[in-house]
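# Structural characterization, general
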Amino acid sequence: MRTTPEQPTPKETEPASWTTVIWMLVVALIGFGFAIYRFLQFSETAGQLHAVRLTRIELYIYRATGHWGVIAIFIIMGVFGLYNAIINLRDLRSRKQ
């Protein structure tokens, strides 16, 4: 006899923890840090792309969107991490009360 597992309701999500907040802050710092780092690299070379070494994933993004696309991806990563850190921090504070 097959039974179907109960589907969790939206309110039954995994509870927030301090570990999640810390990891999301790390993701935000990495995202914003790499955005600043790549911006400085692209602005210093100003046309000498052979001096900038890109990872394989960054290279595909660069070919599709240019250097602003690479910077935008890292900014999005930073915003995502910061948003999730704030959401989890608010959840932790609301559970204490």
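Residues numbered from 1 in each chain as written. Predicted model: local features only at pLDDT ≥ 70, side-chain atom pairs only at ≥ 80, totals over all residues. Heavy atoms only, no water.

Note on placement: A51 falls in the loop between α1 (18-45) and α2 (56-65). For the pair A51 and Q41, spaced ten residues apart in sequence, the C-alpha separation works out to 9.0 Å. (Helix = DSSP H or I, 4+ residues; strand = E, 2+ residues; numbered from the N terminus.)

For the rest of this paragraph, the subject is the nonpolar core. Residues A35, F42, V52, V70, I71 and F74 constitute the largest nonpolar core, which totals six residues. Counting only elements with at least two residues in this core, the list comes to α1 and α3 (67-96). Here the element with the most residues in this core is α3; it accounts for three residues. Setting aside anything within four residues of it in sequence, one finds F74 in contact with G31, F32, F34, A35, R38 and E58. (Core = buried A, V, L, I, M, F, W, Y, C linked by side-chain atoms within 4.5 Å. Buried < 20%, exposed > 50% of the residue type's maximum accessible area, 1.4 Å probe, protein only. Contact = heavy atoms within 4.5 Å.)

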